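# Architecture and fold: a report
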Amino acid sequence: MGSSRSDSQSSSLISSLFSIVGLLAGAAVVADGSREPEVPCYFIFGDSLFDPGNNNNLNTTMKANYPPYGVDFPSGVATGRYSNGRTTADIIGELLGFESFIPPFASAPNNSEILVGVNYASGSAGLLLETGKFMGENIDLSQQLKNHEQTVSRIGKILGSKKAADDHLAQCLYICNMGNNDYIANYLQPQVSNFSKRYNPDQFAAFLVEQYSHELVRMHVMGARKVGVTGVNLIGCTPAAIAMYGDKDLLCVDSMNKLVVPFNERLKAIIDKLNVRFTDAKFVYLDSVTAGGIAGQDVFVSAFPIKSTACCKVSLATGMCIPNVEPCKTRRAHAFWDAFHPSEAASRLIAPFYLRALKKIL
Ligand SMILES: *[C@@H]1O[C@H](CO)[C@@H](O)[C@H](O)[C@H]1NC(C)=O
Ligand SMILES: *[C@@H]1O[C@H](CO)[C@@H](O)[C@H](O)[C@H]1NC(C)=O
Ligand SMILES: *[C@@H]1O[C@H](CO)[C@@H](O)[C@H](O)[C@H]1NC(C)=O
C-alpha cells in the first residue's frame, strides 16, 4: 500500500484479498467439526500484535486490559489483547484447529495447557532490552525465551524424559513477531534513545537482526523445529504515524516504511542461513509488508467503502484507546482498531496469508 500505488497493483491486491477471503471461508468449514489441530502445540513470541495479556500485571502504561479493548472478543471482556477481538496469532490458532486460545505465560498455565502451548508476547517489547522501557516494564524477546526455558523444563518433567520432550517440542509450531517496537519505541524516539545517533538505518538493522539470529538459535536449542518469523510492518501506515509525521493527503509516511526495509531484507537472509545451518528445522519468513498491504487501508478503501482511521477514540499522547469511550459501530470496516493495532477484521485477512506460508513448514 502507499500513496503511489498503481491501479494494477491495486487490482492484484484486491484479487489476492478475495482469494484469501475464499481460503478463510474454506478453513471455517473444515474447522467446524471436531478434529485434531494440524500441529499438537503452538508457542507464540512477540510484541503487542500477539500479546494476549502478559502486560496486565506489569508496571507499565502500555496495557490494553480495559474497555473498549476486547469488545468483540468471545468473552466480551478486555483480556489485555491490543484489539477489539482476536489477534492474528489467535486466528492462526483457530485456523489450525485449536479449540482454545493459547494462554498467556502470565496466567500461569497448568500442565495440560503448556503441552498445547504458551503465549509469551508482550506489548512495547522488542529485540533490544531498552526498547519500550520508557513506558514501563515489558518482556523483551530474550526474557520471553527465558520464560520458555521454564516451560520446556516443565514439559520434560511431565513427559518423563528429555527425549519425549524433544519429540513433542519438535512437532510444535513457533511464531515470532518482533522488531516493530525497536523502531517505533526506540530508534524513532531520540528523546529517550541515542541509537539513531550511533547507527545509520542499515547499521541499526544489522545490529537488530544479529540479535534476532542469536535468539532464533536459542529457540532451536530449546527444541523448536518449525518456526515462522514475521518481518517488521509498514510502520509508516498506522494512524499514529500519519497523525505524527504525515501529510493528511498521504496514506503512509514513506520515510518510516523505507527505514525498515533493510531489517526485512537482512531478516530474510538470516532465515535462509538458519535453514542451511539447521537441517533438522524449518524457518519461514512471514511477509508482514504484503500482509499489511492486503489488510491495509488501500485495499479496504478500494474493496469496500471502508475507513482507514482508528475505530476507537484514541489518546493523542499514546495512540491507545481512551478508556470506556464507545468505539465505532462498523468495526469490520476499519483496518485499525487504535492508532497502532489492527482490528480483528484486518487480522482475519493477515492470519490466513501467514498460514499459507506456515503450511510449508508443518
Ligand atoms: C512503577 O514505575 C514507575 C516509573 O518507572 C516507578 O516510579 C514506580 O515506583 C513503579 N511502581 C511500582 C509499584 O513498582
Ligand atoms: C488446566 O486449566 C484448564 C483451563 O483453565 C482447565 O480447563 C483444566 O481443567 C486444567 N487442568 C488441570 C489438570 O488442572
Ligand atoms: C547512549 O546511551 C547510552 C545509555 O543510554 C550511554 O551509555 C552511551 O554513552 C550513549 N552514547 C552516546 C554516543 O551518546
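Residues numbered from 1 in each chain as written. Chains lettered and ligands numbered in written order. Predicted model: local features only at pLDDT ≥ 70, side-chain atom pairs only at ≥ 80, totals over all residues. Heavy atoms only, no water.

### Side note on the sheet that holds strand β4 (residues 282–286)
Here we have four strands laid out as an open sheet, ordered β1-β2-β3-β4, and parallel in their pairing. Two strands close off the open sheet at either side, each with one partner strand: β1 (42–46) and β4. Strand-to-strand twist across the sheet, computed as the mean angle between neighbouring axes with direction ignored, equals 15°. Pairing geometry for strand β2 (residues 173–177) and strand β3 (residues 226–230), over three bridges, is parallel. Note that in β3 the partner of I175 across the bridge is G228. Running at roughly 160° to β1, helix α4 (residues 141–159) makes contact with β1 and β2 of the sheet. On top of the sheet, helix α11 (residues 261–277) reaches β3 and β4; it is set at about 165° to β4, its chief contact. (Pairing = 2+ DSSP bridges. Helix = DSSP H or I, 4+ residues; strand = E, 2+ residues; numbered from the N terminus. Axes fitted to C-alpha atoms, helices over the stretch in contact; angles between N-to-C directions. Contact = heavy atoms within 4.5 Å.)

### Some points on the site of ligand 2
Around ligand 2, the structure places N110, S112 and E113. A distance of 3.3 Å separates a nitrogen atom of ligand 2 from a polar atom in the side chain of S112. Within the contact set of ligand 2, an oxygen atom lies 3.4 Å away from a side-chain nitrogen or oxygen of E113. In isolation ligand 2 exposes 360 Å². Once the protein is present, 28% of that is buried. (Near = heavy atom within 4 Å. Polar contact = N/O pair within 3.5 Å; in protein donor to acceptor, adjacent residues only side chain to side chain. Areas by Shrake-Rupley, 256 points an atom, 1.4 Å probe, with all protein chains shown as cover.)

### Some details on the pattern of salt bridges
Tallied over the entire structure, the rule returns 13 salt bridges. Residues R331 and D72 are paired through a salt bridge, measuring 2.5 Å at the closest nitrogen-oxygen approach. In this pair, R331 sits in the loop between β5 (307–310) and β6 (334–336) while D72 sits in the loop between β1 and α2 (88–96), placing the two residues 259 residues apart along the sequence. Between D166 and K162 there is a salt bridge whose closest N-O contact spans 2.9 Å. A residue pair is termed a helical-turn pair when its members lie 3 or 4 positions apart in one helix, as D166 and K162 do in helix α5 (residues 162–171) at four residues. (Salt bridge = Lys/Arg side-chain N within 4 Å of Asp/Glu carboxyl O.)

### Quick look at the environment of F45
The residue F45 is located in strand β1 in this model. According to the relative accessible area criterion, F45 is buried, its value standing at 0%. Considered as a pair, F45 and L141 are 96 residues apart in the sequence and their alpha carbons are 7.3 Å apart. Residue contacts for F45: discarding those within four places in its chain leaves F50, Y120, A121, L141, Q144, L145, H148, Y174, I175, C176, N177 and M219. (Buried < 20%, exposed > 50% of the residue type's maximum accessible area, 1.4 Å probe, protein only.)

### Quick notes on unusual backbone geometry
Between P67 and P68 the backbone carries a cis peptide bond, its omega angle lying at 10°. Phi is positive for N324, close to 60°, though the residue is something other than glycine. On the secondary structure map, N324 appears in the loop between β5 and β6. Assessed through its relative accessible area of 62%, N324 is described here as exposed.

### Some thoughts on helix α8 (residues 201–221)
For α8, built from 21 residues, the straight-helix expectation of 30 Å at 1.5 Å per residue is met to within 8% by its first-to-last C-alpha distance of 30 Å. Regarding α8, the residues found buried are F204, A205, L208, V209, Y212, S213, E215, L216, V217, R218, M219 and H220. Capping the start of α8 is the job of one residue whose side-chain oxygen sits 3.0 Å from the backbone nitrogen of D202: N200. Positive phi shows up at G223, right after α8, with a value of about 105°. (Expected span 1.5 Å × (residues − 1).)

### Overview of the state of the cysteines
Summed over the entire model, instances satisfying the criterion amount to four disulfides. Note on cysteine connectivity: C311 is disulfide-linked to C328, with sulfurs 2.1 Å apart. Across the S-S bond linking C311 and C328, the dihedral sits near -105°, which makes this disulfide left-handed. Taken together, the positions of C311 in the loop between β5 and β6 and C328 in the loop between β5 and β6 put the pair 17 residues apart, joining distant regions of the chain. Accessibility classification places C311 together with C328 in one group, the buried group. (Disulfide = S-S within 2.5 Å.)

### Structural notes on empty space enclosed by the protein
The rolling of a water-molecule-sized probe over the atoms marks out the regions of remaining empty space. According to the stated counting rule, one finds two cavities of 30 Å³ or more in the structure shown. Estimates place the volume of the largest cavity at around 50 Å³. Surrounding the largest cavity, Y42, A89, D90, G93, E94, F98, S100, F101 and I102 form its lining. Here the lining of the largest cavity gets four residues from one element, more than from any other, and that element is α2. Residue composition of the lining of the largest cavity, grouped by class: five nonpolar, two polar and two charged. Estimates place the volume of the second largest cavity at around 40 Å³. Every residue lining the second largest cavity is listed: S48, L49, Y82, S83, R86, T87, T88, P342 and S347. For the lining of the second largest cavity, the per-class residue count stands at three nonpolar, five polar and one charged. (1 Å grid on protein atoms, 1.4 Å probe; cavity = no way out; pocket = protein on both sides within 12 Å on 5 of 7 lines; lining within 4 Å. Points joined across faces, edges and corners; volume = space filled by probe spheres on them. Nonpolar A, V, L, I, M, F, W, Y, C, P; charged D, E, K, R; others polar.)

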